[in-house]
Amino acid sequence: MIFRNPAGAPELACDECGCRWFDRMSGTCYECGAVVTAQARAEFARALEAFAAERAAVEPRGDRQR
């Protein structure tokens, strides 16, 4: 499950219990132990890429020389 935090960034949550804390070593939810699927990780990666593209379009970096 993916939701947006108050800043608008996507966050991955457990499909089983909604927890946002995962053990990256075992790929499981800390709360209920459910496995984070490859499909969920891929969906989250796409959401992060889309968020980054949105931010880049809205907030151009411009010239950073001082």
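The structure contained in this document is the topic of the report that follows. As the structure is a prediction and not an experimental result, all values here were calculated from the model.

### Re the overall build of the protein chain
In terms of regular secondary structure, the protein chain is built from one helix and four strands. Ordering the α and β elements of the protein chain from the N terminus gives β-β-β-β-α. Residues classed as buried in the protein chain amount to 24% of the 66 residues present. Here the analysis covers contacts within the protein chain between residues at least 6 apart in sequence; of these, 28% occur between residues at least 24 apart. For the protein chain, the exposed area adds up to about 5300 Å²; of that, 53% sits on carbon and sulfur atoms.

### Looking at the nonpolar core
Of all hydrophobic cores here, the largest spans eight residues; its members are Leu-12, Cys-14, Cys-19, Phe-22, Cys-29, Ala-34, Val-36 and Ala-40. Sequence-distant contacts of Val-36, that is, excluding residues within four places in its chain, are made with Leu-12, Phe-22, Gly-27, Thr-28 and Arg-41.

### Examining the side chain of Thr-28
Along the chain, the position of Thr-28 falls in strand β4 (residues 28-29). Engagement of the side chain of Thr-28 in a polar contact is seen with the side chain of Ser-26, the distance being 2.7 Å. Filtering out sequence-adjacent residues up to four positions away, Thr-28 remains in contact with Phe-22, Asp-23, Gly-33, Ala-34, Val-35 and Val-36.

### Points about the layout of surface pockets
The method is simple in principle: a probe with the dimensions of a water molecule rolls over the atoms, and the space it marks as empty is what remains. Considered as a void within the structure, the largest pocket measures approximately 300 Å³ in volume. Looking at the largest pocket, the residues that line it are Glu-11, Leu-12, Arg-20, Trp-21, Phe-22, Asp-23, Arg-24, Gly-27, Val-36, Arg-41 and Phe-44. Secondary-structure elements contributing two or more residues to the lining of the largest pocket are β2 (10-12), β3 (22-23) and α1 (38-58). Here the lining of the largest pocket is composed, by residue class, of five nonpolar, one polar and five charged.

### Some words on the state of the cysteines
Scanning the model with the defined rule gives zero disulfides in all. Distance from the sulfur of Cys-17, which forms no disulfide, to the nearest cysteine sulfur (Cys-29) is 3.6 Å. Sulfur of Cys-19: no disulfide; nearest cysteine sulfur belongs to Cys-29 and is 3.9 Å away. In this structure Cys-19 comes out as buried when scored by relative accessible area, which is 12%.

The rules behind each value
- Residues numbered from 1 in each chain as written.
- Predicted model: local features only at pLDDT ≥ 70, side-chain atom pairs only at ≥ 80, totals over all residues.
- Heavy atoms only, no water.
- Helix = DSSP H or I, 4+ residues; strand = E, 2+ residues; numbered from the N terminus.
- Buried < 20%, exposed > 50% of the residue type's maximum accessible area, 1.4 Å probe, protein only.
- Contact = heavy atoms within 4.5 Å.
- Areas by Shrake-Rupley, 256 points an atom, 1.4 Å probe, with all protein chains shown as cover.
- Core = buried A, V, L, I, M, F, W, Y, C linked by side-chain atoms within 4.5 Å.
- Polar contact = N/O pair within 3.5 Å; in protein donor to acceptor, adjacent residues only side chain to side chain.
- 1 Å grid on protein atoms, 1.4 Å probe; cavity = no way out; pocket = protein on both sides within 12 Å on 5 of 7 lines; lining within 4 Å.
- Points joined across faces, edges and corners; volume = space filled by probe spheres on them.
- Nonpolar A, V, L, I, M, F, W, Y, C, P; charged D, E, K, R; others polar.
- Disulfide = S-S within 2.5 Å.

Just geometry here; none of it tells us what the structure is for.
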